[in-house]
Amino acid sequence: MDHKMSRSPWVIHYDGTSCNGCDIEVLASLTPLFDAERFGVVNTGNPKHADIFLVTGSVNAQNLPVVRQIYNQMLEPKCVVACGICACSGGVFRDAYNVIGGVDRAIPVDVYAPGCAIRPETVIDAIVEACGILDQKEAVMRAGGDPLTVGGAATWDGGVELGEDGFVAAAEAGDATAAGDAPAGMSAASAAARGAE
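Every value quoted in this text rests on a predicted model; they were computed, and no experiment measured them.

Visitor: Tell me about the overall build of the protein chain, and please be specific about residues and values.
Guide: Scanning the protein chain for helices and strands turns up 7 helices and 7 strands. Counting across all 197 residues of the protein chain, residues that qualify as buried make up 48%. Pairs at least 24 residues apart make up 79% of the contacts formed inside the protein chain by residues separated by at least 6 positions. Accessible surface for the protein chain amounts to roughly 9,300 Å². Of this, 55% is attributable to carbon and sulfur atoms.

Right under this line is the structure:
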């Protein structure tokens, strides 16, 4: 039997600290106008049922544990999509005192989908791209390998850790958001989009 994860991917969406623009566009991609469900995409609220994790907004000390908890509750194989420039790099908020950076400062990201706000067509393209990565991870698992050797997890630098006070050290937070630095695993196109912001 030819079984592929990409035939009916379930997505879970989390909105970090953002203006809510990308959040609305992700939801718009699931409405009848854009109809992501025609590709078998189903939105779920349970991480244990989700295959693809859509994250909008940047990461700060308060939502860092939440993002990691949702990611850790998802079963392998799984993919993470950073939706919008804030999720990719911190966006216009990256120099704010409370912003650690993009989603890849918290968890491994497989697909970067920049935009401010991201368009529903871009969300659908990112989900389709994530489906291809899901199939690769599933093939690795069926062969007895580790799915963390495929996609963003293979190049992830481990992200940031919170100190005892619940905050990230200033030097580490500054390193994560320095202008022109592309986070580990970020594609050249996403790095260029970040620089053009």
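Visitor: Which residues make up the side chain of Ser 58, and what are the values?
Guide: Inspection of the secondary structure assignment puts Ser 58 in the loop between strand 3 (52-56) and strand 4 (59-60). Assessed through its relative accessible area of 1%, Ser 58 is described here as buried. The residues contacting Ser 58, other than those within four sequence positions of it, are Gly 16, Thr 17, Asn 63, Cys 86, Ala 87, Gly 90, Val 99 and Gly 101.

Visitor: Tell me about the nonpolar core, and name the residues and values.
Guide: Among the nonpolar cores identified, the biggest contains 23 residues, and Phe 53, Val 80, Val 103 and Ile 107 are the most heavily contacted of them. Counting residues per element, the ones that place at least two in this core are strand 1 (10-15), strand 3, helix 2 (64-73), strand 5 (79-83) and helix 3 (85-89). Looking at this core element by element, the count peaks at 4 residues for helix 2. Residue contacts for Val 80: discarding those within four places in its chain leaves Phe 53, Val 55, Tyr 71, Val 103, Ile 107, Pro 108, Val 109, Asp 110 and Val 111.

Visitor: Break down helix 2 for me, with residues and values.
Guide: Along helix 2, the residues that are buried comprise Leu 64, Val 67, Arg 68, Ile 70 and Tyr 71. One face of helix 2 carries all of its buried residues, which in axial projection span an arc of 160°. Among the structural elements, strand 1, strand 3, strand 4, strand 5 and strand 6 (99-101) are those in contact with the buried residues of helix 2.

Visitor: Pulling in residues and values, what's your account of the environment of Ala 96?
Guide: Within the secondary structure, Ala 96 is located in the loop between helix 3 and strand 6. A relative accessible area of 29% places Ala 96 in the partly exposed class. Considering only alpha carbons, one finds Ala 96 and Asn 60, 36 residues apart in sequence, at a separation of 9.8 Å.

Visitor: Residues and numbers for the pairing of strand 3, please.
Guide: Along strand 3, 5 of the 5 residues are buried, which leaves the element largely enclosed by surrounding structure. Here strand 3 shows no split at all, with Ile 52, Leu 54 and Thr 56 on one side and Phe 53 and Val 55 on the other all buried. In terms of strand pairing, strand 1 meets strand 3 through 5 bridges, oriented parallel. Looking at strand 3, one finds that Asp 15 is bridged to Thr 56. Pairing of strand 3 with strand 5, which is carried by 5 bridges, proceeds in the parallel orientation. For Val 55, the partnering residue across the bridge sits in strand 5 and is Ala 82.

Visitor: Outline the packing of aromatic side chains, listing residues and values.
Guide: This model, assessed by the stated rule, comprises 0 aromatic pairs. A cation over an aromatic ring shows up here: Lys 78 above the ring of Tyr 71, its NZ or CZ 3.9 Å from the ring centre.

Visitor: Describe in detail the sheet that holds strand 1, supporting the description with residues and values.
Guide: The strand order 2-1-3-5-7 describes an open sheet built from 5 strands, whose pairing is parallel. One side of each edge strand has no neighbouring strand; the edge strands of this open sheet are strand 2 (42-43) and strand 7 (111-113). Where helix 1 (residues 21-29) meets the sheet, it contacts strand 1, strand 3 and strand 5, and its direction lies at approximately 145° from that of strand 3.

Reading guide: rules and limits
Residues numbered from 1 in each chain as written. Predicted model: local features only at pLDDT ≥ 70, side-chain atom pairs only at ≥ 80, totals over all residues. Heavy atoms only, no water. Helix = DSSP H or I, 4+ residues; strand = E, 2+ residues; numbered from the N terminus. Buried < 20%, exposed > 50% of the residue type's maximum accessible area, 1.4 Å probe, protein only. Contact = heavy atoms within 4.5 Å. Areas by Shrake-Rupley, 256 points an atom, 1.4 Å probe, with all protein chains shown as cover. Core = buried A, V, L, I, M, F, W, Y, C linked by side-chain atoms within 4.5 Å. Arc of directions from axis to C-beta. Pairing = 2+ DSSP bridges. Phe/Tyr/Trp six-rings, centres within 6.5 Å; stacked < 30°, edge-to-face > 60°. Lys NZ or Arg CZ within 6 Å of the ring centre and 35° of its normal. Axes fitted to C-alpha atoms, helices over the stretch in contact; angles between N-to-C directions.

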